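# Chains, contacts and geometry: an overview
Residue strings, one per chain:
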Amino acid sequence: MGKLKTIGVLTSGGDAPGMNAAVRAVVRAGIYYGLKVMGIRKGYEGLLKGDIEEMTARSVGDLIHRGGTALQTARSPEFNTEAGVNKAIAIAGVFGIDALVVIGGDGSYRGALDLGKKGLPVICIPGTIDNDITCTEYTIGFDTAMNTVQDAIDKIRDTAYSHERCSVLEVMGRKAGYIALNVAISGGAEAVVLPEKDFNIDIDIIKPIIEGRNRGKKHYLVVIAEGVGGAVEIAEYIEKKTEIKTRATILGHIQRGGSPTVYDRVMASRMGAHAVKLLRDGHVNRAVSFINGQITDYDLAEALSMKKTIDEEMIELNKILAL
Ligand code: ADP
(Lines give C-alpha, C1' and ligand atoms only; values in the text may rest on other atoms or scores of the structure.)
Protein backbone atom coordinates (compact mmCIF):
# COMPACT_ATOMS: atom_id res chain seq x y z
CA MET A 1 0.00 0.00 0.00
CA GLY A 2 1.26 3.52 -0.86
CA LYS A 3 1.01 6.31 1.67
CA LEU A 4 -2.34 6.00 3.41
CA LYS A 5 -4.34 9.21 3.13
CA THR A 6 -7.99 8.29 2.82
CA ILE A 7 -10.00 5.43 4.28
CA GLY A 8 -13.60 4.42 3.60
CA VAL A 9 -16.03 2.92 6.08
CA LEU A 10 -19.27 1.01 5.46
CA THR A 11 -21.77 -1.18 7.30
CA SER A 12 -23.00 -4.26 5.47
CA GLY A 13 -25.38 -7.21 5.84
CA GLY A 14 -27.76 -7.33 8.81
CA ASP A 15 -27.70 -4.25 11.03
CA ALA A 16 -26.66 -4.53 14.67
CA PRO A 17 -26.81 -2.15 17.64
CA GLY A 18 -23.37 -0.61 18.11
CA MET A 19 -22.59 -0.31 14.40
CA ASN A 20 -22.94 3.48 14.76
CA ALA A 21 -20.52 3.51 17.66
CA ALA A 22 -18.05 1.55 15.50
CA VAL A 23 -18.40 3.99 12.59
CA ARG A 24 -17.92 6.89 14.99
CA ALA A 25 -14.75 5.30 16.33
CA VAL A 26 -13.37 4.68 12.83
CA VAL A 27 -14.11 8.26 11.77
CA ARG A 28 -12.73 9.92 14.87
CA ALA A 29 -9.65 7.69 15.19
CA GLY A 30 -9.04 8.22 11.46
CA ILE A 31 -9.20 11.99 11.81
CA TYR A 32 -7.06 11.84 14.95
CA TYR A 33 -4.33 10.06 12.97
CA GLY A 34 -4.52 12.62 10.15
CA LEU A 35 -6.59 10.60 7.68
CA LYS A 36 -9.52 11.62 5.54
CA VAL A 37 -12.54 9.36 6.15
CA MET A 38 -15.22 8.69 3.55
CA GLY A 39 -18.56 7.24 4.64
CA ILE A 40 -20.13 4.81 2.19
CA ARG A 41 -23.90 4.45 2.50
CA LYS A 42 -25.77 1.15 2.12
CA GLY A 43 -22.81 -1.22 2.20
CA TYR A 44 -21.36 -2.63 -1.00
CA GLU A 45 -24.43 -1.47 -2.91
CA GLY A 46 -23.60 2.16 -2.05
CA LEU A 47 -19.96 1.58 -2.97
CA LEU A 48 -21.05 0.39 -6.43
CA LYS A 49 -23.25 3.46 -6.81
CA GLY A 50 -20.66 5.91 -5.49
CA ASP A 51 -23.01 6.84 -2.64
CA ILE A 52 -20.03 8.23 -0.72
CA GLU A 53 -19.41 11.37 1.32
CA GLU A 54 -16.58 12.69 3.46
CA MET A 55 -17.26 12.33 7.17
CA THR A 56 -16.15 14.73 9.85
CA ALA A 57 -15.80 14.43 13.60
CA ARG A 58 -19.15 16.26 13.82
CA SER A 59 -20.97 14.12 11.28
CA VAL A 60 -20.72 11.20 13.69
CA GLY A 61 -21.94 13.26 16.64
CA ASP A 62 -25.10 12.19 18.46
CA LEU A 63 -24.77 8.70 17.08
CA ILE A 64 -23.14 6.58 19.77
CA HIS A 65 -26.44 5.81 21.50
CA ARG A 66 -28.46 5.03 18.39
CA GLY A 67 -29.35 1.51 17.23
CA GLY A 68 -29.38 0.44 13.59
CA THR A 69 -26.84 2.04 11.29
CA ALA A 70 -26.98 5.67 10.21
CA LEU A 71 -24.85 4.80 7.17
CA GLN A 72 -27.56 2.24 6.40
CA THR A 73 -26.86 -1.24 5.13
CA ALA A 74 -27.86 -3.44 2.21
CA ARG A 75 -27.37 -6.80 0.61
CA SER A 76 -25.90 -6.43 -2.87
CA PRO A 77 -26.18 -9.34 -5.32
CA GLU A 78 -24.28 -7.32 -7.96
CA PHE A 79 -21.25 -7.02 -5.69
CA ASN A 80 -21.22 -10.79 -5.38
CA THR A 81 -19.84 -11.14 -8.93
CA GLU A 82 -16.31 -10.62 -10.24
CA ALA A 83 -17.49 -7.68 -12.36
CA GLY A 84 -19.10 -6.19 -9.24
CA VAL A 85 -15.89 -6.45 -7.22
CA ASN A 86 -13.87 -4.87 -10.06
CA LYS A 87 -16.37 -2.04 -10.32
CA ALA A 88 -16.30 -1.48 -6.55
CA ILE A 89 -12.49 -1.16 -6.66
CA ALA A 90 -12.67 1.29 -9.55
CA ILE A 91 -15.20 3.44 -7.70
CA ALA A 92 -13.12 3.39 -4.51
CA GLY A 93 -10.27 4.68 -6.71
CA VAL A 94 -12.42 7.52 -8.07
CA PHE A 95 -13.07 8.68 -4.50
CA GLY A 96 -9.39 8.29 -3.57
CA ILE A 97 -10.12 5.57 -1.02
CA ASP A 98 -6.84 3.79 -0.21
CA ALA A 99 -8.30 1.27 2.26
CA LEU A 100 -11.72 0.19 3.46
CA VAL A 101 -13.12 -0.67 6.89
CA VAL A 102 -16.08 -3.08 6.62
CA ILE A 103 -18.39 -3.53 9.60
CA GLY A 104 -20.65 -6.56 9.13
CA GLY A 105 -21.17 -10.28 9.33
CA ASP A 106 -19.39 -13.13 7.64
CA GLY A 107 -20.99 -12.55 4.22
CA SER A 108 -19.57 -9.03 4.37
CA TYR A 109 -16.18 -10.48 5.37
CA ARG A 110 -16.20 -12.69 2.25
CA GLY A 111 -16.93 -9.65 0.10
CA ALA A 112 -14.13 -7.76 1.82
CA LEU A 113 -11.70 -10.61 1.15
CA ASP A 114 -12.55 -10.39 -2.57
CA LEU A 115 -11.69 -6.68 -2.46
CA GLY A 116 -8.50 -7.32 -0.52
CA LYS A 117 -7.32 -9.98 -2.98
CA LYS A 118 -7.85 -7.59 -5.87
CA GLY A 119 -5.80 -4.86 -4.28
CA LEU A 120 -8.11 -2.71 -2.14
CA PRO A 121 -6.80 -3.16 1.42
CA VAL A 122 -9.53 -3.98 3.93
CA ILE A 123 -10.06 -4.35 7.66
CA CYS A 124 -13.18 -6.13 8.95
CA ILE A 125 -14.98 -5.41 12.21
CA PRO A 126 -17.48 -8.00 13.50
CA GLY A 127 -20.96 -6.46 13.55
CA THR A 128 -23.85 -8.89 13.98
CA ILE A 129 -26.20 -9.76 16.83
CA ASP A 130 -25.66 -13.48 16.16
CA ASN A 131 -22.07 -13.73 17.48
CA ASP A 132 -21.48 -16.22 14.67
CA ILE A 133 -18.19 -14.90 13.28
CA THR A 134 -15.74 -17.70 13.93
CA CYS A 135 -12.51 -15.75 14.53
CA THR A 136 -13.87 -13.74 17.46
CA GLU A 137 -15.48 -14.48 20.78
CA TYR A 138 -17.60 -11.34 20.49
CA THR A 139 -19.46 -9.50 17.76
CA ILE A 140 -20.89 -5.99 18.12
CA GLY A 141 -24.63 -6.08 18.86
CA PHE A 142 -24.69 -9.45 20.64
CA ASP A 143 -25.00 -8.02 24.15
CA THR A 144 -27.76 -5.57 23.21
CA ALA A 145 -29.75 -8.27 21.41
CA MET A 146 -29.48 -10.62 24.40
CA ASN A 147 -30.66 -7.88 26.74
CA THR A 148 -33.62 -7.16 24.48
CA VAL A 149 -34.53 -10.85 24.54
CA GLN A 150 -34.08 -10.95 28.32
CA ASP A 151 -36.47 -8.04 28.71
CA ALA A 152 -39.05 -9.91 26.63
CA ILE A 153 -38.52 -13.10 28.66
CA ASP A 154 -39.13 -11.24 31.92
CA LYS A 155 -42.41 -9.87 30.57
CA ILE A 156 -43.51 -13.24 29.21
CA ARG A 157 -42.61 -14.84 32.53
CA ASP A 158 -45.02 -12.53 34.41
CA THR A 159 -47.97 -13.65 32.33
CA ALA A 160 -46.79 -17.28 32.10
CA TYR A 161 -46.62 -17.43 35.91
CA SER A 162 -50.06 -15.87 36.34
CA HIS A 163 -51.66 -18.47 34.08
CA GLU A 164 -49.36 -21.42 34.86
CA ARG A 165 -48.39 -21.56 31.24
CA CYS A 166 -45.49 -22.77 29.20
CA SER A 167 -43.82 -20.26 26.87
CA VAL A 168 -41.90 -21.28 23.82
CA LEU A 169 -39.69 -18.44 22.67
CA GLU A 170 -37.92 -18.44 19.31
CA VAL A 171 -34.87 -16.16 19.24
CA MET A 172 -32.59 -15.02 16.44
CA GLY A 173 -29.06 -16.19 15.74
CA ARG A 174 -29.20 -17.56 12.19
CA LYS A 175 -27.40 -20.90 12.21
CA ALA A 176 -25.80 -20.30 15.62
CA GLY A 177 -27.22 -20.83 19.10
CA TYR A 178 -25.23 -18.25 21.06
CA ILE A 179 -28.15 -15.91 21.78
CA ALA A 180 -30.43 -18.86 22.59
CA LEU A 181 -28.02 -20.53 25.01
CA ASN A 182 -27.17 -17.34 26.89
CA VAL A 183 -30.77 -16.16 27.28
CA ALA A 184 -31.82 -19.66 28.31
CA ILE A 185 -29.41 -19.37 31.22
CA SER A 186 -30.21 -15.75 32.04
CA GLY A 187 -33.95 -16.37 31.67
CA GLY A 188 -34.00 -19.61 33.66
CA ALA A 189 -35.32 -21.79 30.84
CA GLU A 190 -36.41 -25.39 31.43
CA ALA A 191 -35.02 -26.32 28.01
CA VAL A 192 -33.10 -24.84 25.11
CA VAL A 193 -32.86 -26.17 21.57
CA LEU A 194 -29.74 -25.23 19.60
CA PRO A 195 -28.80 -25.79 15.96
CA GLU A 196 -25.42 -27.12 17.08
CA LYS A 197 -26.99 -30.03 18.99
CA ASP A 198 -29.34 -32.85 18.00
CA PHE A 199 -32.41 -32.94 20.18
CA ASN A 200 -35.17 -35.33 21.09
CA ILE A 201 -38.35 -33.44 21.90
CA ASP A 202 -39.60 -35.99 24.46
CA ILE A 203 -36.31 -36.24 26.34
CA ASP A 204 -35.02 -32.69 26.01
CA ILE A 205 -38.27 -30.70 26.30
CA ILE A 206 -41.23 -32.73 27.56
CA LYS A 207 -39.30 -34.54 30.31
CA PRO A 208 -37.87 -31.42 32.03
CA ILE A 209 -41.30 -29.76 31.87
CA ILE A 210 -43.09 -32.71 33.47
CA GLU A 211 -40.34 -33.11 36.07
CA GLY A 212 -40.53 -29.39 36.77
CA ARG A 213 -44.30 -29.60 37.25
CA ASN A 214 -43.83 -32.50 39.67
CA ARG A 215 -41.42 -30.34 41.66
CA GLY A 216 -44.02 -27.58 41.87
CA LYS A 217 -43.03 -25.22 39.06
CA LYS A 218 -45.65 -22.66 38.11
CA HIS A 219 -44.44 -21.77 34.63
CA TYR A 220 -42.09 -23.09 32.01
CA LEU A 221 -39.82 -21.52 29.43
CA VAL A 222 -38.44 -23.24 26.37
CA VAL A 223 -35.99 -21.33 24.17
CA ILE A 224 -35.69 -22.32 20.51
CA ALA A 225 -32.90 -20.98 18.32
CA GLU A 226 -33.87 -19.57 14.92
CA GLY A 227 -31.59 -22.14 13.27
CA VAL A 228 -33.88 -24.89 14.59
CA GLY A 229 -37.18 -23.02 14.21
CA GLY A 230 -40.64 -24.58 14.51
CA ALA A 231 -41.63 -22.82 17.77
CA VAL A 232 -45.35 -23.00 16.95
CA GLU A 233 -45.25 -26.74 16.23
CA ILE A 234 -43.14 -27.39 19.33
CA ALA A 235 -45.64 -25.40 21.45
CA GLU A 236 -48.55 -27.47 20.06
CA TYR A 237 -46.69 -30.68 20.82
CA ILE A 238 -45.92 -29.59 24.41
CA GLU A 239 -49.59 -28.73 25.03
CA LYS A 240 -50.77 -32.04 23.60
CA LYS A 241 -48.29 -34.09 25.62
CA THR A 242 -48.44 -32.25 28.97
CA GLU A 243 -51.87 -30.53 28.91
CA ILE A 244 -50.10 -27.38 30.06
CA LYS A 245 -51.35 -24.33 28.12
CA THR A 246 -48.47 -23.39 25.86
CA ARG A 247 -47.90 -20.28 23.75
CA ALA A 248 -45.23 -19.63 21.14
CA THR A 249 -43.61 -16.22 20.69
CA ILE A 250 -41.30 -15.51 17.79
CA LEU A 251 -39.47 -12.35 18.74
CA GLY A 252 -38.19 -11.40 15.28
CA HIS A 253 -36.66 -8.05 14.41
CA ILE A 254 -37.28 -6.42 17.76
CA GLN A 255 -34.01 -8.19 18.65
CA ARG A 256 -32.04 -6.22 16.09
CA GLY A 257 -33.03 -2.71 17.17
CA GLY A 258 -32.57 -0.54 20.20
CA SER A 259 -29.95 1.60 21.82
CA PRO A 260 -26.68 -0.33 22.26
CA THR A 261 -25.66 -1.40 25.76
CA VAL A 262 -22.55 -0.01 27.43
CA TYR A 263 -20.71 -3.20 26.53
CA ASP A 264 -21.56 -2.89 22.84
CA ARG A 265 -20.59 0.79 22.74
CA VAL A 266 -17.25 0.10 24.40
CA MET A 267 -16.48 -2.92 22.21
CA ALA A 268 -17.47 -0.99 19.08
CA SER A 269 -15.28 1.93 20.11
CA ARG A 270 -12.29 -0.31 20.83
CA MET A 271 -12.68 -2.35 17.65
CA GLY A 272 -13.21 0.74 15.46
CA ALA A 273 -10.07 2.41 16.80
CA HIS A 274 -8.10 -0.86 16.47
CA ALA A 275 -9.08 -1.12 12.79
CA VAL A 276 -7.71 2.35 12.07
CA LYS A 277 -4.51 1.68 14.02
CA LEU A 278 -3.92 -1.45 11.95
CA LEU A 279 -4.16 0.56 8.73
CA ARG A 280 -2.01 3.36 10.14
CA ASP A 281 0.66 0.76 10.97
CA GLY A 282 0.51 -0.71 7.47
CA HIS A 283 -1.42 -3.90 8.27
CA VAL A 284 -4.04 -4.86 5.69
CA ASN A 285 -6.65 -7.56 5.09
CA ARG A 286 -7.14 -8.23 8.78
CA ALA A 287 -10.17 -9.22 10.85
CA VAL A 288 -10.52 -7.44 14.19
CA SER A 289 -11.29 -9.98 16.91
CA PHE A 290 -11.89 -10.30 20.62
CA ILE A 291 -10.07 -13.25 22.18
CA ASN A 292 -9.44 -13.95 25.89
CA GLY A 293 -10.43 -10.45 26.90
CA GLN A 294 -8.16 -8.72 24.37
CA ILE A 295 -8.79 -6.96 21.09
CA THR A 296 -6.58 -8.62 18.49
CA ASP A 297 -6.66 -9.38 14.78
CA TYR A 298 -6.18 -12.19 12.26
CA ASP A 299 -5.37 -12.49 8.60
CA LEU A 300 -8.77 -12.21 6.92
CA ALA A 301 -8.54 -15.40 4.82
CA GLU A 302 -7.38 -17.35 7.87
CA ALA A 303 -10.16 -15.80 9.96
CA LEU A 304 -12.76 -17.05 7.50
CA SER A 305 -11.50 -20.61 7.74
CA MET A 306 -11.56 -20.74 11.55
CA LYS A 307 -14.07 -22.83 13.49
CA LYS A 308 -16.00 -21.87 16.59
CA THR A 309 -17.87 -24.23 18.89
CA ILE A 310 -20.66 -23.74 21.36
CA ASP A 311 -19.73 -24.11 25.02
CA GLU A 312 -20.75 -27.59 26.19
CA GLU A 313 -20.37 -26.56 29.83
CA MET A 314 -22.97 -23.84 29.35
CA ILE A 315 -25.37 -26.38 27.83
CA GLU A 316 -24.81 -28.63 30.84
CA LEU A 317 -25.19 -25.66 33.21
CA ASN A 318 -28.62 -24.87 31.78
CA LYS A 319 -29.75 -28.43 32.47
CA ILE A 320 -28.42 -28.34 36.03
CA LEU A 321 -30.05 -25.02 36.86
CA ALA A 322 -33.41 -26.00 35.35
CA LEU A 323 -33.89 -28.26 38.39
P1 ADP B 1 -23.71 -10.51 6.73
O2 ADP B 1 -22.52 -9.68 6.43
O3 ADP B 1 -24.50 -9.96 7.88
O4 ADP B 1 -23.33 -11.97 6.87
P5 ADP B 1 -24.77 -11.03 4.07
O6 ADP B 1 -24.41 -12.47 4.08
O7 ADP B 1 -26.07 -10.65 3.51
O8 ADP B 1 -24.71 -10.37 5.51
O9 ADP B 1 -23.63 -10.28 3.25
C10 ADP B 1 -23.67 -8.89 3.00
C11 ADP B 1 -23.13 -8.60 1.61
O12 ADP B 1 -21.80 -9.10 1.49
C13 ADP B 1 -23.89 -9.28 0.47
O14 ADP B 1 -24.96 -8.55 -0.02
C15 ADP B 1 -22.85 -9.40 -0.62
O16 ADP B 1 -22.73 -8.20 -1.34
C17 ADP B 1 -21.58 -9.63 0.18
N18 ADP B 1 -21.31 -11.08 0.26
C19 ADP B 1 -22.02 -12.01 0.95
N20 ADP B 1 -21.51 -13.24 0.78
C21 ADP B 1 -20.47 -13.10 -0.06
C22 ADP B 1 -19.52 -14.02 -0.63
N23 ADP B 1 -19.55 -15.33 -0.36
N24 ADP B 1 -18.58 -13.52 -1.45
C25 ADP B 1 -18.53 -12.20 -1.72
N26 ADP B 1 -19.38 -11.28 -1.22
C27 ADP B 1 -20.35 -11.72 -0.39
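Quick look at the structure, then. (Residues numbered from 1 in each chain as written. Predicted model: local features only at pLDDT ≥ 70, side-chain atom pairs only at ≥ 80, totals over all residues. Heavy atoms only, no water.)

## Overview of the sheet that holds strand S9 (residues 246-250)
What links the strands of a sheet is backbone hydrogen bonding, and the strands pair in either a parallel or an antiparallel sense. Keep this limit in mind: What makes two strands pair is DSSP finding at least two bridges between them. A helix here means a DSSP run of H or I that spans at least four residues, while a strand means a run of E at least two residues long, and both kinds are numbered starting from the N terminus. Angles shown run from 0 to 180 degrees and are taken between the N-to-C directions of axes, each axis being a line fitted to C-alpha atoms and, for helices, limited to the stretch in contact. What makes two residues a contact is simply this: any of their non-hydrogen atoms within 4.5 Å.
On the basis of which strands lie adjacent, the open sheet formed by 4 strands has the order S7-S8-S6-S9 and parallel pairing. On the outer flanks of this sheet lie strand S7 (191-193) and S9, each paired with one strand and no other. Pairs of neighbouring strands in the sheet enclose a mean axial angle of 15°, with direction left out of account. Here strand S6 (residues 166-171) pairs with S9 via 5 bridges, running parallel. Residue pairing for S9: Leu169 is matched across the bridge by Thr249. On the sheet, helix H5 (residues 142-163) packs against S6, strand S8 (220-225) and S9 and is oriented at approximately 165° with respect to S6. Packing against the sheet, helix H7 (residues 201-214) makes contact with S6, S7 and S8, and its axis sits at approximately 165° to S8.

## Examining unusual backbone geometry
Rules: Partly exposed describes any residue whose relative accessible area lies between the buried limit of under 20% and the exposed limit of over 50%, with all areas from a 1.4 Å probe on protein chains only and scaled to the type maximum.
In this structure, Asp62 takes a positive phi of about 60° despite not being glycine. In this structure, Asp62 sits in the loop between strand S3 (52-55) and helix H3 (82-94). The exposed category is assigned to Asp62, whose relative accessible area is 65%. The backbone of Glu243 shows a phi angle near 65°, a positive value even though the residue is not glycine. Positionally, Glu243 belongs in the loop between helix H8 (231-242) and S9. Exposure remark for Glu243: the relative accessible area of 72% places this residue in the exposed category.

## What about the environment of Thr249?
Within the element layout of this structure, Thr249 appears in strand S9. When the C-alpha atoms of Thr249 and Val9 are compared, they prove to be 37 Å apart, with 240 residues separating the residues in sequence. Excluding residues within four positions of it along the chain, Thr249 makes contact with Ile156, Val168, Leu169 and Glu170.

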